[in-house]
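Now for the letters of each chain:
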Amino acid sequence: MKNLKIKEILEVTKGELIQGDLEFICKNFSKDTRTIEKGDTYIAIKGENFDGNLFWKQALEKGAECVIVSEITLQDEELSTYKNKNIIKVEDTLQALYEIARLKRSLYNIPVIAITGSVGKTSTKDMVANVVSQKYKTLKTMGNNNNNIGLPFTILKLREEEAMVLEMGMNHLGEISLLTSIAKPDICIITNIGTSHIGNLGSRENILKAKLEILEGSENPTIIINNDNELLHKWQEENKKKRNIITYGIREISDINGKNIKLKGDSSEFTCRPYEKEISIAVPVGGEHFILNSLCVVSVGKILKIEEEKIKKGIESFELTKKRMDITELGNGVKIINDAYNASLESMKASLKYLSELKNKRKIAVLGDILELGEYSQKLHEQVGEAVYQNKIDLLIVSGKNAKYIDQQAKKMGMPEENIYYFEEKEKIIKQIKEMIKPGDAILFKASNGMRFFELAEELKK
């Protein structure tokens, strides 16, 4: 374990030790007094709507041995009460978090894999980590902690790990630039360039620009890209002579190509050639997009020289983070697909295609708003409506301010009006489903996280 002493933290943060021991070792870091454990170092993060500085005493009372604070005046009585504790004061605790994480990262000479993209980041991360862990003890981003707070705290969890897999998310330009400057990845993965956050960024070209910030953290990282994505394909064609790029794909000729694809609803199979011989891989989740994720993972395995059988085992045994393609079978043959943690045009299309390929008697899509689309909102929701019709979905249920455009476009394309239901209040959806549900139905729930459609999926299981 590479430990951090208070004197080293003071050096990188330019902080002041109000009281305590310069030689004290800070092993575990926390920002949440609700989950703090004995011996932790508490970093009092201040955000727009929350100020962790208000809870420094609570952190110490719950067992923290060190606190890092800012913008507070410490009274003599308080210092006396906590005379056996370590108190560090910095100008900005968020900036201090970044610098401490950078210091921690610098102590480890291990493979660091960073993943970004418009969709598929979390599932790809889970799959990559499962394959890498077949060879190395691996630390990965837990859940969706892929922002400017989650990523540094993930790095601060490093102990005896031999590899690290990090997810990087963003809403605006400059955000991934910060993350990659902290993580300094050796391998950078871009899963695709879609329309997520286009309302903030203005165009897919700007989204590409934002995702490419991932390359700024290291001098010459190995870059893995989805060659079937037209913007990434164009970029790699323009940069392949000056960058170390590995491509994967199904349609475009790539370094790692998926062949002999068999989609089976709840799973799929394909073959590829990571080394000399072709291998067959079974993916435990349905949908062509998970084959692309798997090909990305094969690329990582090849770079890290992981044996073929271990690559295969890692893909075939991985488990998705909850609420992403979370599939439940009810006793009457009804299948509930809870894919409502987040949504974009591309992930909506992928989920609808997956739904259409199932062998269930009827396919029911329960769809809500895709958020953060700005002026593109109507157009992109209409494209979802087209995808509903093209995938021959039997029944469509929608709710949300912009989901009405899904409804309208599906009707315009020719979907029978009696097969479409629009609710201003999403709470009425469950009642409607319970009235119409039949044995053998497959029901997909999909919307942006803020719509909380995953709660509807859970309610239906009861």
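To be clear, the structure that these remarks concern was listed above.
Heads up: these notes are all about the structure in this document. (Residues numbered from 1 in each chain as written. Predicted model: local features only at pLDDT ≥ 70, side-chain atom pairs only at ≥ 80, totals over all residues. Heavy atoms only, no water.)

**Remarks on the pairing of strand E7 (residues 86-89)**
Piece 1. Here strand E2 (residues 16-19) runs beside E7; their pairing, made up of three bridges, is antiparallel. Across the sheet, the residue bridging to Glu16 is Lys89, located in E7.
Piece 2. With helix H3 (residues 76-81) bridging strand E6 (residues 66-69) and its parallel neighbour E7, the resulting β-α-β unit is right-handed. (Pairing = 2+ DSSP bridges. Helix = DSSP H or I, 4+ residues; strand = E, 2+ residues; numbered from the N terminus. Right-handed = clockwise from strand over helix to strand, strands pointing away.)

**Quick look at the side chain of Ser448**
Piece 1. Here Ser448 is to be found in the loop between strand E23 (442-446) and helix H17 (453-461).
Piece 2. For Ser448, a relative accessible area of 3% corresponds to the buried category.
Piece 3. Within the structure, the side chain of Ser448 is placed 2.9 Å from the backbone nitrogen of Leu371, a separation counted as a polar contact.
Piece 4. With residues near it in sequence (within four places) discarded, Ser448 still touches Ala340, Tyr341, Asn342, Ala343, Asp369, Ile370 and Leu371. (Buried < 20%, exposed > 50% of the residue type's maximum accessible area, 1.4 Å probe, protein only. Polar contact = N/O pair within 3.5 Å; in protein donor to acceptor, adjacent residues only side chain to side chain. Contact = heavy atoms within 4.5 Å.)

**So, the packing of helix H14 (residues 377-390) against helix H15 (residues 404-413)**
Piece 1. For the pair H14 and H15, interaxial distance at closest approach is 7 Å and the crossing angle is 45 degrees. When the interaxial angle is binned, H14 and H15 end up oblique. Our pair here, H14 against H15, has a crossing hand that is right-handed. For the pair H14 and H15, contact is made by Gln378, His381, Glu382, Val384, Gly385, Glu386, Val388, Tyr389 and Gln390 and by Tyr405, Ile406, Gln409, Ala410 and Met413, respectively.
Piece 2. Here the contact of H14 with H15 is composed, by residue class, of seven nonpolar, five polar and two charged. (Axes fitted to C-alpha atoms, helices over the stretch in contact; angles between N-to-C directions. Parallel < 35°, antiparallel > 145°, perpendicular 65-115°, else oblique. Left-handed = near helix turned anticlockwise from the far one by under 90°. Nonpolar A, V, L, I, M, F, W, Y, C, P; charged D, E, K, R; others polar.)

**Quick look at the sheet that holds strand E15 (residues 259-263)**
Piece 1. Spatially, E15-E16-E17 is the arrangement adopted by the three strands of the open sheet, whose pairing is antiparallel. This sheet does not close on itself; its edge strands, each paired only once, are E15 and strand E17 (279-283). Across the sheet, the mean angle separating the axes of adjacent strands is 15 degrees when strand polarity is ignored.
Piece 2. In the sheet, E15 pairs with strand E16 (residues 268-272) via three bridges, with the strands oriented antiparallel. Following the sheet pairing, Lys262 is matched in E16 by Glu269.
Piece 3. Sheet contacts for helix H11 (residues 288-303): E15, E16 and E17; angle to E16, the most-contacted strand, approximately 35 degrees.

**Let's talk about the state of the cysteines**
Piece 1. Following the criterion strictly, the structure yields zero disulfides and no others.
Piece 2. The structure places no disulfide on Cys188, whose sulfur is separated from the nearest cysteine sulfur, that of Cys296, by 12 Å. (Disulfide = S-S within 2.5 Å.)

**What about a positive patch on the surface?**
Piece 1. On the surface, Lys135, Lys305, Lys310 and Lys313 cluster together into a positively charged patch.
Piece 2. Structurally, Lys305 is set in the loop between H11 and helix H12 (308-316).
Piece 3. Owing to a relative accessible area of 64%, Lys305 belongs among the exposed residues under this scheme. (Patch = residues over 30% accessible without salt bridge, like charges linked within 9 Å, V, L, I, M, F, W, Y side chains within 5 Å. Areas by Shrake-Rupley, 256 points an atom, 1.4 Å probe, with all protein chains shown as cover. Salt bridge = Lys/Arg side-chain N within 4 Å of Asp/Glu carboxyl O. Lys, Arg positive; Asp, Glu negative; His and termini not counted. Charge placed at Lys NZ, Arg CZ, Asp CG, Glu CD.)

**Here we look at the sheet that holds strand E18 (residues 326-329)**
Two strands in a sheet stick together by hydrogen bonds in their backbones, pointing the same way (parallel) or opposite ways (antiparallel).
Piece 1. Pairing within the open sheet is mixed, and its six strands lie in the order E18-E19-E23-E20-E21-E22. At either end of the open sheet lies a strand with only one pairing partner, and these are E18 and strand E22 (420-423). Here the average twist between neighbouring strands, direction ignored, is 15 degrees.
Piece 2. Both E18 and strand E19 (residues 335-338) contribute to a ladder of four bridges, which runs antiparallel. Each bridged residue has a counterpart across the sheet, and for Glu329 the counterpart in E19 is Lys335.

**Let's talk about the pattern of salt bridges**
Piece 1. Tallied over the entire structure, the rule returns 28 salt bridges.
Piece 2. In this structure, Asp326 and Lys461 form a salt bridge, with 3.9 Å as the shortest nitrogen-oxygen distance. Here Asp326 is found in strand E18, whereas its partner Lys461 is found in helix H17, with 135 residues between them in sequence.
Piece 3. Shared partners join several salt bridges into a network, and the residues in it are Lys5, Lys7 and Glu23.

**A look at the packing of aromatic side chains**
Piece 1. Enumeration according to the criterion identifies two aromatic pairs in this entry.
Piece 2. Seen from their ring centres, Phe50 and Phe55 are 5.5 Å apart, and the 5 degrees between their planes marks the pair as stacked.
Piece 3. With relative accessibility at 26%, the residue Phe55 sits in the partly exposed group.
Piece 4. Here Trp56 and Tyr82 contribute two aromatic rings whose centre-to-centre distance is 5.7 Å and whose plane-to-plane angle is 65 degrees, an arrangement assigned as edge-to-face. (Phe/Tyr/Trp six-rings, centres within 6.5 Å; stacked < 30°, edge-to-face > 60°.)

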